[in-house]
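Residue-level structural notes
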Amino acid sequence: MKLKIHNKKGFWGGAFLLLLAVFYIPTLMNNITDMDTTMRIGKTILIITACALFGVTGVYRGINSKCAKEDAQEDDERKKLVDIKTKSSAFIVTFLFSIFLALVLAISIGITKNNNFTGIFVGVGIMPTIMIIAYICANIYQNKRN
Amino acid sequence: MTQQQLSDLVFVSNRTIISLEKEQYNPSIILAYKIALVFNTTIEELYQLEGNLKDEIKNT
């Protein structure tokens, strides 16, 4: 019987998660021998279970024509608009938060004269810069395409 | 006609139909056309474009 993939995105997403679950199994095996890492074992089992469950669901829905049709219907224009708005909001929140954090760190460095903050400041401060550059590049690209 | 039946006919999610009814979401011209076809009417009549335009002019 030939297997037909109806929802490629869902199928490959599910396959990737299943693969991730398989790759996590050796980590679990290594941790089982070390009894001190109970928390880590619990976390690994949780990750494997979640990956396997979502993976199987994704693969099943990808090859089942009825489910794929339902998924395609759910993934409509309103959902795409919501997705765009969500990403935009998340971008703005992250941008403002990183600027705020960079400012707090700059003030901390100014007050305490502690050089330990400088590394964190550079790390945090580079984020809004990358975001602005990424925004400009994406804007040019989308302006050309649309 | 139920929301589910309409959503199946125009191939969008049930949530989209709910948002359209609540006037929270403006559909694309294609979706508006599909809905108009289902109800055997025109987009102008379906969205009362003339009346809405008059209201807009009045409010400005």
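Throughout this description, residue numbers start from 1 for each chain and increase along the sequence as written. As they are written, the chains are lettered A onward and the ligands numbered 1 onward, keeping that order. Local features in a predicted model are, by the rule used here, given only for residues with pLDDT of at least 70; side-chain atom pairs are given and counted only at 80 or more, and totals for whole chains, interfaces and linings are based on all residues.

**Some thoughts on the packing of helix 1 (residues 3-10) of chain B against helix 2 (residues 14-21) of chain B**
All names here are of chain B. Going by this rule: Axis lines are fitted through C-alpha atoms, for helices just across the contact stretch, and the angle between N-to-C directions can take any value from 0 to 180 degrees. In this description a helix means any DSSP run of H or I spanning at least four residues, a strand means any run of E spanning at least two, and both kinds are numbered starting from the N terminus. To sort the angles, those under 35 degrees are grouped as roughly parallel, those over 145 as roughly antiparallel, those from 65 to 115 as roughly perpendicular, and the leftovers as oblique. By definition, any crossing whose near helix is turned counterclockwise from its far helix by less than a right angle is left-handed, and any crossing with a clockwise turn is right-handed. Residues are defined as contacting one another if the C-beta atoms placed from their backbone atoms lie within 7 Å.
With their axes 8 Å apart at the nearest point, helix 1 and helix 2 run at an angle of 110 degrees to one another. The pairing of helix 1 with helix 2 is recorded here as roughly perpendicular in orientation. The two elements helix 1 and helix 2 meet at a crossing, and its hand is right-handed. Between helix 1, through Gln3, Gln4, Leu6 and Ser7, and helix 2, the contact on the second element is made entirely by Asn14, Thr16, Ile17 and Ile18.

**Structural notes on the interface of chain B and chain A**
To keep things clear, this is the line we draw: Each residue receives one of three labels: charged for Asp, Glu, Lys and Arg, nonpolar for Ala, Val, Leu, Ile, Met, Phe, Trp, Tyr, Cys and Pro, and polar for the others, Gly being one of them.
Each partner contributes to the interface: chain B provides nine residues, whereas chain A provides six residues. A per-class count over the side of chain B that touches chain A returns four nonpolar, four polar and one charged.

**Description of the environment of A:Ala50**
Residues and elements named next belong to chain A. Put simply, the rule reads: Partly exposed residues are those whose C-beta has more than 12 but fewer than 20 other C-beta atoms within 10 Å; with 20 or more the residue is buried, with 12 or fewer it is exposed, and the C-beta atoms are placed from the backbone.
Tracing the backbone through its elements, the reader meets Ala50 in helix 2 (residues 38-63). For Ala50, a count of 13 C-beta atoms within 10 Å translates into the label partly exposed. Sequence separation between Ala50 and Asn114 is 64 residues; the distance between their C-alpha atoms is 43 Å.

**A short note on the packing of helix 1 of chain B against helix 3 (residues 29-38) of chain B**
All names here are of chain B. Where helix 1 contacts helix 3, the axes come no closer than 10 Å and their chain directions differ by 120 degrees. What the angle tells us is that helix 1 and helix 3 run oblique. Considering the relative orientation of helix 1 and helix 3, their crossing is right-handed. Between helix 1 and helix 3, the residues in contact are Leu6, Leu9 and Val10 and Leu31, Lys34, Ile35 and Val38, respectively. Of the residues in the contact of helix 1 with helix 3, the class split is six nonpolar, no polar and one charged.

**Looking at the domain arrangement of chain A**
Quick note on the threshold: The start and end points of each domain follow an automatic or database-based domain assignment.
Taken domain by domain, chain A comprises domain 1 (8-74) and domain 2 (77-145). Computed from C-alpha coordinates alone, the two centres of domain 1 of chain A and domain 2 of chain A are separated by 31 Å.

**Observations concerning unusual backbone geometry**
Residue and element names in this part refer to chain B. Positioned with a positive phi, Glu23 is a non-glycine residue whose angle comes to about 60 degrees. Relative to the helices and strands, Glu23 resides in the loop between helix 2 and helix 3. By the C-beta count within 10 Å, which is 7 here, Glu23 ends up exposed. The backbone phi angle of Asn40 is positive, close to 55 degrees, even though this residue is not glycine. In this fold, Asn40 is placed in the loop between helix 3 and helix 4 (43-46).

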